[in-house]
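Descriptive structure summary
Next come the chains, spelled out residue by residue.
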Amino acid sequence: MGISDGSNQHRAPQVALEASSPFELRVNLGRGVPESDVRTALATGDMGFLHSFTTGSAVDGPGIRVVAWTTGCQFRCQYCHNPDTWTMSNGIPVTLAKATEQLRKYRHGLKVMSGGFTLSGGEPLMQCRFAVKLLAAAKAMGIHTALDTNGYLGDRLTDEDLENIDLVLLDIKGWNADRHRHLTGMEIGPVLDFACRLAARRKPVWVRFVMVPGLTDSPEEIAQIASFAAGLANVARVDVLPFHQMGRFKWKELGLNYTLDQTESPSTEAVERACAQFRAAGLTAY
Ligand code: SF4
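Residues numbered from 1 in each chain as written. Predicted model: local features only at pLDDT ≥ 70, side-chain atom pairs only at ≥ 80, totals over all residues. Heavy atoms only, no water.

1. Comments concerning the overall build of the chain
This is how the line gets drawn: The helix and strand labels rest on DSSP assignments: H or I over at least four residues marks a helix, E over at least two residues marks a strand, and numbering proceeds from the N terminus. Radius of gyration: C-alpha atoms only; globule rule: 2.2 Å multiplied by the number of residues to the exponent 0.38. Type-normalised accessible area, obtained with a 1.4 Å probe on protein chains alone, sets the label of each residue: buried when under 20%, exposed when over 50%, and partly exposed for intermediate values. Contacts were defined at the residue level, with two residues in contact if any of their heavy atoms lie within 4.5 Å. When charges are counted, Lys and Arg are positive and Asp and Glu negative, with His and the chain ends excluded. To locate a charge, the coordinates of NZ of Lys, CZ of Arg, CG of Asp or CD of Glu are taken.
Secondary structure assignment for the chain yields 10 helices and 8 strands. The C-alpha atoms of the chain give a radius of gyration of 18 Å, which matches the 19 Å a tight globule of 286 residues would have. The buried share among the 286 residues of the chain stands at 53%. Relative to all contacts within the chain whose residues are 6 or more apart in sequence, the contacts with residues 24 or more apart total 73%. Taken together, the 29 basic and 30 acidic charged side chains of the chain have centroids lying 4 Å from each other.

See the structure below:
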């Protein structure tokens with residue numbers, strides 16, 4: 001697999017960078033890249049690994065969004081919809097120049113539709129330098145920028161880096177430390193530290209909370225997240241995202257142990273009850 005730089009010097013990827021949705025299963029697309037190239041790319045940010053670009057999203061930030069989905073994530077959320085994005089080498093190796101060129105195609109349309117560019121994943125900050133450079137390139141084109149992150153690696157971003165991010169979509173997956181570890185495999189502390197830092201800098205944030213029946217739907221825990229988010233004073237809205245099974249086939253294809261096989265989506269009423277809890281704390285919630 002060659003590195004996609006838009007020239008003929010490298011072998012072109014066999015899989016298109018643009019996807020109809022992030023639910024396309026993608027594996028091993030970057031496995032042929034020499035380890036030394038990967039290390040250099042991660043250090044410089046001149047190359048990154050992307051699952052895909054998608055266009056037309058209306059749920060990943062304000063307006064219509066172009067979304068670049070990175071590969072690589074240190075969390076192992078039990079409800080993850082895209083476990084093929086956990087492994088960086090599952091992504092297509094893409095030069096910064098190529099990714100920037102891709103964005104340039106959309107800049108006028110995005111402005112007309114009051115939309116923008118969202119960098120999502122996986123966890124984009126696993127490729128922090130690439131993420132920072134791509135967001136800076138988008139910003140330099142006058143495109144609204146959003147970073148969708150689990151927040152764990154927020155301290156990799158300098159204050160200057162944050163200037164190129166108009167909005168942070170911050171996942172808060174739970175509140176109780178033990179349950180968060182059980183749910184994601186990682187500690188919650190760095191996530192909350194990043195949330196507080198963003199608040200101190202008055203950086204606009206949308207909190208994203210995935211509601212999974214029997215796993216994350218405790219009213220007590222939702223109330224605690226709501227109270228925390230309301231206290232930050234920079235949370236413009238909360239998205240309560242109902243768990244769904246669109247990623248189940250990926251767990252099976254990848255041979256992973258999927259513990260939520262029998263779990264159903266929350267009812268509309270349950271999602272509305274969670275939204276009401278966030279609203280009761282003074283937040284805007286959908
Ligand atoms: S943080 Fe996102 S990409 Fe990573 S495991 Fe959790 S849901 Fe999946």
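2. A closer look at the side chain of T216
Applicable threshold: What qualifies as a polar contact is a pair of N or O atoms within 3.5 Å, subject to a donor-acceptor requirement within protein and to the restriction that residues adjacent in sequence count only when both atoms come from side chains.
The residue T216 is located in the loop between β7 (205-211) and α8 (219-232) in this model. Taking the relative accessible area as the measure of exposure, T216 reaches 6% and is therefore buried. A polar side-chain atom of T216 sits 2.7 Å from the main-chain amide nitrogen of V212. Here T216 is in contact with Y79, K173, L183, F209, V210, M211 and I222, once residues within four sequence places are set aside.

3. Section: a nonpolar patch on the surface
Operational definition: Nonpolar side chains (Val, Leu, Ile, Met, Phe, Trp, Tyr) are joined into patches within 5 Å and like charges within 9 Å, using only residues with over 30% relative accessible area and no salt bridge. The protein chains shown are the only cover counted for residues, whose accessible areas, like all others here, come from Shrake-Rupley with a 1.4 Å probe. Any Lys or Arg side-chain nitrogen found within 4 Å of a carboxyl oxygen on Asp or Glu counts as a salt bridge.
There is a patch of nonpolar side chains on the surface, built from L25, V27 and F249 and spanning about 210 Å² of accessible area. Among the structural elements, V27 can be located in the segment before α1 (35-44).

4. A short note on the sheet that holds strand β6 (residues 167-171)
Let me state the cut-off plainly: Two strands pair if DSSP finds at least two bridges between them. In this analysis, axes come from line fits to C-alpha atoms, helices being fitted only over the stretch in contact, and the angle between any two N-to-C directions falls in the range 0 to 180 degrees.
Here we have 8 strands laid out as an open sheet, ordered β3-β1-β2-β4-β5-β6-β7-β8, and mixed in their pairing. Each edge of the open sheet is held by one strand with a lone partner, namely β3 (92-95) and β8 (235-242). Here the strands of the sheet are splayed against their neighbours by 30 degrees on average, with no regard to which way each runs. Here strand β1 (residues 47-57) pairs with strand β2 (residues 65-70) via 5 bridges, running antiparallel. The partner of S57 across the bridge, within β2, is R65. Each of β5 (144-149), β6 and β7 is contacted by helix α7 (residues 189-200), which is oriented at about 155 degrees to β6, the strand it contacts most. Relative to the sheet, helix α10 (residues 268-280) contacts β7 and β8, its axis offset from that of β8 by approximately 160 degrees.

5. Concerning the site of the ligand
Here is the rule: Definition of nearness: a residue and a molecule or strand are near each other if at least one heavy atom of the residue lies within 4 Å of the molecule or strand. Gly counts as polar in this scheme, as do all residues outside two lists: the nonpolar Ala, Val, Leu, Ile, Met, Phe, Trp, Tyr, Cys and Pro, and the charged Asp, Glu, Lys and Arg.
Taken together, C73, F75, C77, C80, W86, G122, N150 and K173 make up the full set of residues near the ligand. Taken together, the residues of the shell around the ligand break down into 5 nonpolar, 2 polar and 1 charged.

6. Quick look at α10
What counts, and what does not: To estimate how far a helix should reach, multiply one less than its number of residues by 1.5 Å. This arc corresponds to the set of directions leading from the helix axis out to the C-beta atoms.
The end-to-end C-alpha separation of α10 is 18 Å, in line with the 18 Å expected for 13 residues at 1.5 Å each. Taken as a whole, α10 has its buried residues at A270, V271, A274, C275 and F278. Along the axis of α10, the buried residues cluster in a sector spanning 140 degrees; they form a single face. Across α10 from its buried face, at more than 90 degrees, point the exposed residues T268, E269, R273 and A280. Taken together, the buried residues of α10 touch β7, α8 and β8.

7. Things to note about the packing of helix α2 (residues 96-104) against helix α4 (residues 128-140)
What describes two packed helices is the angle between their axes and the distance between those same axes. Here is the rule we go by: Left-handed describes a crossing in which the near helix is turned anticlockwise from the far one by less than a right angle; the clockwise case is right-handed.
Between α2 and α4, whose axes approach to 10 Å, the crossing angle comes to 35 degrees. With respect to the hand of their crossing, α2 and α4 are arranged in right-handed fashion. Residues L96, A99, T100 and L103 of α2 form the contact with α4, whose own contacting residues are F130, K133, L134, A137 and A138. Among the residues forming the contact of α2 with α4, the class breakdown is 7 nonpolar, 1 polar and 1 charged.

8. Side note on the pattern of salt bridges
If you walk through the whole model with that rule in mind, you get 18 salt bridges. Across the pair R208 and D148 runs a salt bridge, and its minimum N-O distance is 3.1 Å. Here the residue R208 occupies a position in strand β7, and D148 occupies one in strand β5, the gap between them amounting to 60 residues. In this structure, R208 and D148 share a single accessibility class: buried. Of the charged contacts in the structure, one is a salt bridge between E187 and R181, with a shortest N-O distance of 2.7 Å. For E187, a relative accessible area of 34% puts it in the partly exposed group. Under the relative-accessibility criterion, R181 is labelled partly exposed at 35%. Connected through salt bridges with shared partners, the residues D159, E163, R197 and R201 form a single ionic network.

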